[in-house]
Structures are given as structure tokens and as C-alpha cells.
Amino acid sequence: MDVFSRTFLPAAAEAGLAAQTVTRHMPIFRRCVGSGDATILVSRCNRPDRPMSGEYLLLLTHRRLVVTQQTRVLHRLRLHLNTELRELSNVTWSPDPRLHSVELAATAIDGIRERFVIRTQHPKQVWQLDALLNHAFRTRLRSARERIVATIGEAPATARPATLRPATVR
């Protein structure tokens, strides 16, 4: 079993998704996500700007955000959004424990602003979801210099010879 399957199935179970729903959406997710990418979050969501457009299923991994849509009338599945996290800009989320929901908004690479509302069963889950989103999006906003572990040809600062200076006597 690959990393995606090992992490997707427990995340779907934690979200309370039915096995039938998971198996229907799995082929779309498989086409979008690599086998080595770990799942952070799987959840049902809806779009606040289009409440009658159907049901959405959101998948967040360490590298990608994938959202599928199931139409209301014919129950057909279609891919709504498939993008790498680094291609998203202006990512915001606002937890609301009174409504048991988190609104996630991001601008895709094509300039379209996407908004999703993720509902939870309990207010405590709102803060868990907030922590997951913080982990997924805030950690990727570090500067490029912080991510460099070593550069070839450059000695680390601790390995450079120190210059000896005589101690001053007072």
C-alpha cells in the first residue's frame, strides 16, 4: 500500500465519509495525487457563493489541493480544482466555532478566487482544522534561504577557522 492510500483512508474515516463516497471519488484523486504524497485532510465542503451547485469533496496533501464536485441532479463527479499548494496565492481561512465551520479561500494560478466552507461536528474540530491548515500553508511560506541545508563549495559558518585575538587584561 502506498503513502497516499495509507494516509487517505484514515483521513476519510476521521471525516466520517461513507465508504461508497470514498470509492467514487478515489479514481479522480488517484489521477491528481502522486502515490508518495501524504494526505493531510479530506472533508466535505460547499461553496458559499454557489450554494445550489452540488456537493464538494476537498483533499489536501502536502503538495496539492484537489476538489471534486458531485452534481445535485445526476450525481456526476467532476474535477473542480487541482493545483499545487505553491501555485495558490492569497490563501486565507477563518475559523468560526459558533457555526462549527472554517471558510477557506485561495486564488488559483488562473486568477480565480475559490472559496469553500468546511463544516465540522464539534467546535473543537474547528481548531484542529485550523491547525492542519496552518501546518499546510504557513510552513510553505518560509523564505527560500531558510530551506537551504547546505551549499556545495561553501563552508558552513561554524567550520570557518576562527581568528585568535589576544585577551585584554584589565
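Because the structure is a prediction, the values reported are computed rather than measured. (Residues numbered from 1 in each chain as written. Predicted model: local features only at pLDDT ≥ 70, side-chain atom pairs only at ≥ 80, totals over all residues. Heavy atoms only, no water.)

### Side note on the overall build of the protein
So, point 1. In terms of regular secondary structure, the protein is built from four helices and seven strands.
So, point 2. Moving toward the C terminus, one meets the helices and strands of the protein in the order α-α-β-β-β-β-β-β-β-α-α.
So, point 3. Of all 170 residues assigned to the protein, the portion counted as buried reaches 37%.
So, point 4. Here the analysis covers contacts within the protein between residues at least 6 apart in sequence; of these, 47% occur between residues at least 24 apart.
So, point 5. Here the protein has roughly 11000 Å² of accessible surface; of this, 54% comes from carbon and sulfur atoms. (Helix = DSSP H or I, 4+ residues; strand = E, 2+ residues; numbered from the N terminus. Buried < 20%, exposed > 50% of the residue type's maximum accessible area, 1.4 Å probe, protein only. Contact = heavy atoms within 4.5 Å. Areas by Shrake-Rupley, 256 points an atom, 1.4 Å probe, with all protein chains shown as cover.)

### Let's talk about helix 1 (residues 3–14)
So, point 1. Helix length check: helix 1, at twelve residues, gives a terminal C-alpha distance of 17 Å against a target of 16 Å (1.5 Å per residue), a fit within 8%.
So, point 2. Turning to helix 1, its buried residues are Phe4, Ser5, Phe8, Ala11 and Ala12. For helix 1, the buried positions fall inside an angular range of 145° around the axis, keeping them on one side. Turned more than 90 degrees from where helix 1 packs its buried face, Ala13 and Glu14 sit exposed.
So, point 3. For helix 1, the elements touching its buried residues are helix 2 (19–32), strand 1 (39–45) and strand 2 (55–61).
So, point 4. Once helix 1 ends, the next one or two residues include Gly16, with phi positive near 80°. (Expected span 1.5 Å × (residues − 1). Arc of directions from axis to C-beta.)

### Some words on the packing of aromatic side chains
So, point 1. Considering all chains together, one arrives at four aromatic pairs under this definition.
So, point 2. Where Tyr56 meets Phe116, the ring centres are 6.2 Å apart and the plane angle is 65°; that geometry is what we call edge-to-face. Of the two residues, Tyr56 sits in strand 2 while Phe116 sits in strand 7 (residues 113–119), which places them 60 residues apart along the sequence.
So, point 3. Summarising the aromatic geometry, the rings of Trp93 and Phe137 are spaced 6.0 Å apart at their centres and angled 35° between planes, so their arrangement reads as tilted. In this pair, Trp93 is assigned in strand 5 (residues 89–96) and Phe137 in helix 3 (residues 123–138), connecting sequence segments 44 residues apart. The exposure classification of Trp93 matches that of Phe137, with both residues buried.
So, point 4. Each member of the aromatic cluster is reached from another via a ring pair, and the members are Phe4, Phe8 and Phe29. (Phe/Tyr/Trp six-rings, centres within 6.5 Å; stacked < 30°, edge-to-face > 60°.)

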